[in-house]
Structure formats: C-alpha cells, structure tokens
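Reading the structure
Letter by letter, the chains look like this.
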Amino acid sequence: MTNPIYDAYAILQKVYGGGAFLKQAISDTPIEEAERARTVKICYGVLENDLYLDTCIRAFAPKNPKLPVRILLKIALYMLLFLKKQRYMVTDNTVALAKKLGKGGAAGFLNAFLRNFDEQKVALPKERIAQLSVRYSYPEFAVRRIDKTYPERTEEILKPVSPRTFVRFCSNETAKRYTGGANAAHTPFENLYAFSSFRRDAGYDLGEYTFQSVGSVAICQAVEACERLLDACAAPGGKSVLLAEKCGEVTSFELHPHRAQLIKEYAARMHADNIKVVCRDSSVFDAQYAEAFDAVLADVPCSGFGVVNDNPDIKFFRKEEDLQEIEQMQLSILKTCSDYVKKGGALYYSTCSIFEEENDGVVAKFLRECGDFTAEKTESPLAHQPAKYGIQFLPNLSMGAGFYIAKLRKNG
C-alpha cells in the first residue's frame, strides 16, 4: 500500500502547480481504488477550505513554505481539522511522504508544525467581509457581490452543502430498481433523485440513467415544449438530451469540436435521435438560422459561483477581473441568439451563477438594447427566490444548486 495521502498530493499538485481543474486532475491521476472515496474527499475538502488553510499555515509558519510543502500542510491540516484524524498518524504520514518526494529537508519543519499546531490560536480578520472570506474560503470580491444582493442570507449561501449525486432515470420502472433504500432522496422533478452515494453500473451505458444536476433539470423544466429548439451552449449535452424528450427537434451548438463530440456520445447513449449537433460559436451570427427556432436556450458560460459545492476550484481560479469580460460575452451570446427566435417565440437565458450582475444585470442590458423582447414570469417546483426578470436558485434553498433563468418573449 502506498502512503495514504500520496494520491491526494498527486492530484492537488496538478491543481495548485499545473492549473488543472480538480475533476480533470482526478480523472487523469491513477488512484488506489480501495482509497478512492477518501482521496477524493480530501481533494475536495482542501480546495473548499483553501483560504482558511492558508490562514492556518501563516499563523504557525515563520515564512510561506514552498508549494510542495504547502500542499502537504493543507492535506494534513484538513485531515486534522475536518476529518478529525489522530495527530500522530497525520504527522507520520506527512513527514514520510515529504521524504519520499525528495523533500526530506522539510521533514523537521513539517513535524514541528503539525505537533505544535493549535486551531484556537488562528486569528480570523476582524472586518466582516474579510472574515467571511477566510471562514468559507471565498474570494473577497465574491463575498461582496453576494452580500450586496442577499444581505440577509450571505452566510447561509456561503456555507458548504453536503455533497450529493443527482441521478435522472429514464423511466419510473428504472427508478424503482435503484431507489429502494434510504440512500435516495426525492427531488421535485420526476425520476430525478439525490443520492448520498451512487455507484455507476451497466445501466449507465445502456442509457437507463444519467447524472444530471438538479439545477440543470430545473432549467429544462422551465423551458416550454416546442417543435424546434436551439440549445446554444450545449456541451456536455445533458440539457439537450432532456429537452429532446419534449421538443420535436433540438439543435445543439458547441464551439469546441471535442465537446461537440461529447454531446453526440451523450445523445447516443441516451437514445436521443432528434438532436443535431453543430460546431459553431454562439456569439457570432449565422444568417441560415435567422428566426429558425420556436425557442432558444442560451445557457451561457459564467463565473460558476452557483456550483462551487461541486467545483470548489472555481473559488481558487476565478478572478474579479474575469467578470467584466464574462458579462460582455454573456450579453453578446444573448443578443446573437435573439435573432434565431421566431416572432412570438421564447428566448431563455440561464447561468449557474448567483451574481446579480450576470443574471438580471445582463437581462436588463439586453432588454434596453433589444426592444422587441418582453420578460415573462416563470416558475419552478424547486425552491427559489424571485428576481426582477427571472428566478434565482440558491445553494441554501435549492438542494445545493445556484442557477438563474429568465424567459423572454419575442414580440409578434
């Protein structure tokens, strides 16, 4: 057996040192199968608590350790503070791994740090926003934005939600086979269940079920059935496949060829043969699609701060200076897609963000610049908060999901 924290270190080195996304780093790293669940839990936990762990390190280290040692410390501190592992075991494994990695010179420092560490002596910032930032490991700009829009709910939104796996089954009969135990919890949507743990089996490859977030399903539920629908930013294909069940024909746009291939594979696995995949940029107008669709779903790229429970590296990678460019891209896609909607048709705008600037803010700009659309009321069985133009799903209300959707009708 290898050192029990080696695999977690190998994965996090790719994230911190190589800029890899966590899910990709896990996929690309050979993991000891017997320890997979624990390794994945450590990796997610370290990134979920990154700023707090940095604060702990600064409180007991005379100077900032180099990256390999800092990663080792973050793993060790997470195991001590959040997994409640015994100090001697954590210390011994950390020091042993440092030596194995050729960092034996840091062994004494690591040993002394972990034996002397006392969480009670870690001081949080006094200022409220800075304190919330450290406590919940959100960048300060994100805390400010959340606090501005949801001042009564800021801390509730920032608190991590226990991870769950959402599985959508193709039929009631299939769902019954998998949901007999206490492990499965109902959602407001037919055949969508939340599992505390779920092991993929042959049913996945047969198209009996798929993994799809409750927010993604909520977006699809808000889209009305129609004959011709465009899913403008479609990869990896979950929304296209679900919408294909109630729409006559779905066209799926995707900019990158390898991601377009993912949609094709997803559709084939789920036996959705009424989906046409087109590799193209949704922000660039194509005259052949002018007023060609009864409805268009623009589920645009966004900051992703509504889905940090599933993707904690978003808090680590996303910078404030990225947001203006993101909002400009969102507006560009929405305006281009509006030209693909027939008169009297519907344009749906959605994100996996909880930032007002990306949601109602973008819709407001669009309505000012494109006067032939009107916002219409939309509802959802999933708990949400009403927004000016659409509805906002929040992690603390909506089973961990932070999404937004607005329905815009093109004047006839």
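Residues numbered from 1 in each chain as written. Predicted model: local features only at pLDDT ≥ 70, side-chain atom pairs only at ≥ 80, totals over all residues. Heavy atoms only, no water.

Now for the overall build of the protein chain. Scanning the protein chain for helices and strands turns up 18 helices and 13 strands. A globule of 412 residues ought to have a C-alpha radius of gyration of about 22 Å, and the protein chain, at 23 Å, matches this closely. Across its three principal directions, the C-alpha atoms of the protein chain cover 75 × 50 × 40 Å. Going through the 412 residues of the protein chain one by one, you find that 54% of them count as buried. Taking contacts inside the protein chain between residues at least 6 apart in sequence as the whole, the part at least 24 apart equals 68%. Carbon and sulfur atoms make up 50% of the accessible area of the protein chain, which totals about 18,700 Å². A distance of 6 Å separates the average location of the 53 positive side-chain charges in the protein chain from that of its 51 negative side-chain charges. (Helix = DSSP H or I, 4+ residues; strand = E, 2+ residues; numbered from the N terminus. Rg over C-alpha atoms; globule rule 2.2 N^0.38 Å. Buried < 20%, exposed > 50% of the residue type's maximum accessible area, 1.4 Å probe, protein only. Contact = heavy atoms within 4.5 Å. Areas by Shrake-Rupley, 256 points an atom, 1.4 Å probe, with all protein chains shown as cover. Lys, Arg positive; Asp, Glu negative; His and termini not counted. Charge placed at Lys NZ, Arg CZ, Asp CG, Glu CD.)

Another aspect to go through is the packing of aromatic side chains. Evaluation of the coordinates by the stated rule reveals 31 aromatic pairs. Plain terms: the ring middles of Tyr 289 and Phe 293 are 6.0 Å apart, the flat faces sit at 20° to each other, and that makes the pair stacked. The burial state of Tyr 289 is the same as that of Phe 293; both residues are buried. Plain terms: the ring middles of Tyr 289 and Tyr 340 are 6.1 Å apart, the flat faces sit at 75° to each other, and that makes the pair edge-to-face. Remark: Tyr 340 occurs in the loop between helix H17 (320-338) and strand E9 (341-351) and Tyr 289 occurs in the loop between strand E7 (275-279) and strand E8 (293-299); sequence separation between them is 51 residues. In this pair, the class of Tyr 289 matches that of Tyr 340, namely buried. Through successive ring pairs, a cluster of aromatic residues spans Phe 169, Tyr 178, Tyr 193, Phe 195, Phe 198, Tyr 204, Tyr 209 and Phe 211. (Phe/Tyr/Trp six-rings, centres within 6.5 Å; stacked < 30°, edge-to-face > 60°.)

Next up on the list: the pairing of strand E1 (residues 165-169). With four of five residues buried, E1 lies mostly within the body of the structure. Pairing geometry for E1 and strand E4 (residues 209-211), over three bridges, is antiparallel. Across the sheet, the residue bridging to Phe 169 is Tyr 209, located in E4. (Pairing = 2+ DSSP bridges.)

Bringing helix H7 (residues 107-116) into the picture now. Listed in full, the buried residues belonging to H7 are Ala 107, Leu 110, Phe 113 and Leu 114. Buried residues of H7, viewed axially, fall in a sector of 135°; they line one side. (Arc of directions from axis to C-beta.)

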